[in-house]
Amino acid sequence: MIDRDLPLKQTISENIKRLMKERGWTQLKTSEVSGISKSTLSDYINCKTLINPGNVEKLAKAFNVKKSDIDPSFNMESTGDLKRKSAALKFTKLPIVGAISCGDGILAYQEIEGYEDVPSSWLNGGEYFFLRAKGDSMIGARIMDGDLLLIRQQDDVENGEIAAVLIEGDAVLKRVYKTNGTVILQSENPKYPPIVLQKNNMKDIRIIGKLKKVVLNF
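Not measured: the values here are computed from a predicted model. (Residues numbered from 1 in each chain as written. Predicted model: local features only at pLDDT ≥ 70, side-chain atom pairs only at ≥ 80, totals over all residues. Heavy atoms only, no water.)

Thoughts on the side chain of Ser187
Phase 1: With respect to the element layout, Ser187 can be found in the loop between β7 (182-186) and β8 (195-198).
Phase 2: A residue is classified by how much of its surface remains accessible, and Ser187, at 4% relative accessible area, is buried.
Phase 3: A polar atom in the side chain of Ser187 sits 2.6 Å from the side chain of Lys174. (Helix = DSSP H or I, 4+ residues; strand = E, 2+ residues; numbered from the N terminus. Buried < 20%, exposed > 50% of the residue type's maximum accessible area, 1.4 Å probe, protein only. Polar contact = N/O pair within 3.5 Å; in protein donor to acceptor, adjacent residues only side chain to side chain.)

What to know about the pattern of salt bridges
Phase 1: All told, the structure shown has 11 salt bridges when counted by the stated rule.
Phase 2: Note that Lys93 and Asp117 form a salt bridge whose closest N and O atoms lie 3.4 Å from each other. Within this pair, whereas Lys93 is found in strand β1 (residues 91-103), its partner Asp117 is found in strand β2 (residues 106-119), the two being separated by 24 residues in sequence.
Phase 3: For Lys93, a relative accessible area of 56% gives the class exposed.
Phase 4: The salt bridge involving Arg132 is made with Glu113; its shortest N-O contact spans 2.6 Å. Of the two residues, Arg132 sits in strand β3 (residues 128-132) while Glu113 sits in strand β2, which places them 19 residues apart along the sequence. (Salt bridge = Lys/Arg side-chain N within 4 Å of Asp/Glu carboxyl O.)

Overview of the environment of Lys90
Phase 1: Locating Lys90 in the fold gives a position in the loop between α5 (79-88) and β1.
Phase 2: With sequence-adjacent residues up to four places away left out, Lys90 is seen in contact with Val118, Pro119 and Ser120. (Contact = heavy atoms within 4.5 Å.)

A few points about the side chain of Ser13
Phase 1: Along the chain, Ser13 falls in helix α1 (residues 6-23).
Phase 2: Residue class for Ser13 comes out buried when judged on its relative accessible area of 1%.
Phase 3: In contact with Ser13, not counting residues within four places along its chain, are Tyr44, Ile45 and Cys47.

Looking at the confidence of the model for the protein chain
Phase 1: Overall, the prediction assigns the protein chain a mean pLDDT of 83, with 84% of residues at 70 or greater.
Phase 2: When mean pLDDT is taken per element in the protein chain, helix α2 (residues 27-34) scores highest with 94 and α5 scores lowest with 50. (pLDDT = per-residue confidence, 0-100.)

Here we look at the packing of aromatic side chains
Phase 1: By the definition in use, this model includes 1 aromatic pair.
Phase 2: Taken together, a centroid distance of 5.2 Å and an interplanar angle of 25° make the contact between Trp25 and Phe63 stacked. Of this pair, Trp25 sits in the loop between α1 and α2 while Phe63 sits in helix α4 (residues 53-63), placing them 38 residues apart in sequence. Both residues of the pair, Trp25 and Phe63, count as buried. (Phe/Tyr/Trp six-rings, centres within 6.5 Å; stacked < 30°, edge-to-face > 60°.)

Notes on unusual backbone geometry
Phase 1: You will see that Asn64, though not glycine, has its phi angle at about 60°, which is positive.
Phase 2: With respect to the helices and strands, Asn64 occurs in the loop between α4 and α5.
Phase 3: Residue class for Asn64 comes out exposed when judged on its relative accessible area of 70%.
Phase 4: Unlike most non-glycine residues, Asn180 shows phi in positive territory, near 50°.
Phase 5: Secondary-structure assignment places Asn180 in the loop between β6 (170-179) and β7.
Phase 6: Judged by its relative accessible area of 75%, Asn180 is exposed.

Quick word on the nonpolar core
Phase 1: Counting residues in each nonpolar core, the largest one holds 16 residues, and the members touching the most others are Ile16, Leu41, Ile51, Leu59, Phe63 and Ile70.
Phase 2: Counting residues per element, the ones that place at least two in this core are α1, α3 (38-45) and α4.
Phase 3: Looking at this core, the element that brings in the most residues is α4, giving 5 residues.
Phase 4: Judged by nonpolar contacts, the second largest core, of 15 residues, contains Ile151, Ala164, Leu173 and Leu211. (Core = buried A, V, L, I, M, F, W, Y, C linked by side-chain atoms within 4.5 Å.)

Some remarks on the packing of α1 against α3
Phase 1: Running from amino to carboxyl end, α1 crosses α3 at an angle of 120°, the nearest separation of the two axes being 8 Å. Put simply, α1 runs oblique to α3. Of the residues in α3, those in contact with Lys9, Ser13, Ile16, Lys17 and Met20 of α1 are Leu41, Tyr44 and Ile45. (Axes fitted to C-alpha atoms, helices over the stretch in contact; angles between N-to-C directions. Parallel < 35°, antiparallel > 145°, perpendicular 65-115°, else oblique.)

See the structure below:
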């Protein structure tokens, strides 16, 4: 299981060790001055547990520093900031879609290979899903085969944006250009020619979403 608190634990550990070194304190001395048990302090230093606010305050008083010098989360200066931080720590499960069908104008996910947790702060209204990048047609945009692509479901994008496009039942990624009644689906690799279509002749081709983020490559 991924420990989402690990980066924060590591930062807090480094801060505690730095402050101890600056003062020439051992763990035992720090425990005695702060009133935090040696085993609990050891857990913080070894990133086993996330420090609680009460012990942040105890260490800050012991070292005579600000609480944010121990735990950077305390840099939040307002209730609004704290709410945004809390929202950023919430996660949503999204499907990784292997195939998509479109009947009567309604998209249906098929061959779902699994689900991926994403921070809710990445999602700003609408419906989202993941696609797996295929091939090398978008390498010029640093999108590689196997990359996980966060897609916001929508049936149109702005000129020049990268979209997930359903072409004869296959979902692919293309940069979309629109001009004078023409739609151009452009790859980001010169060995693939552009697909040029008339807007009124896109029966087997449909924009199904906008690329929001390239997440990771397995």
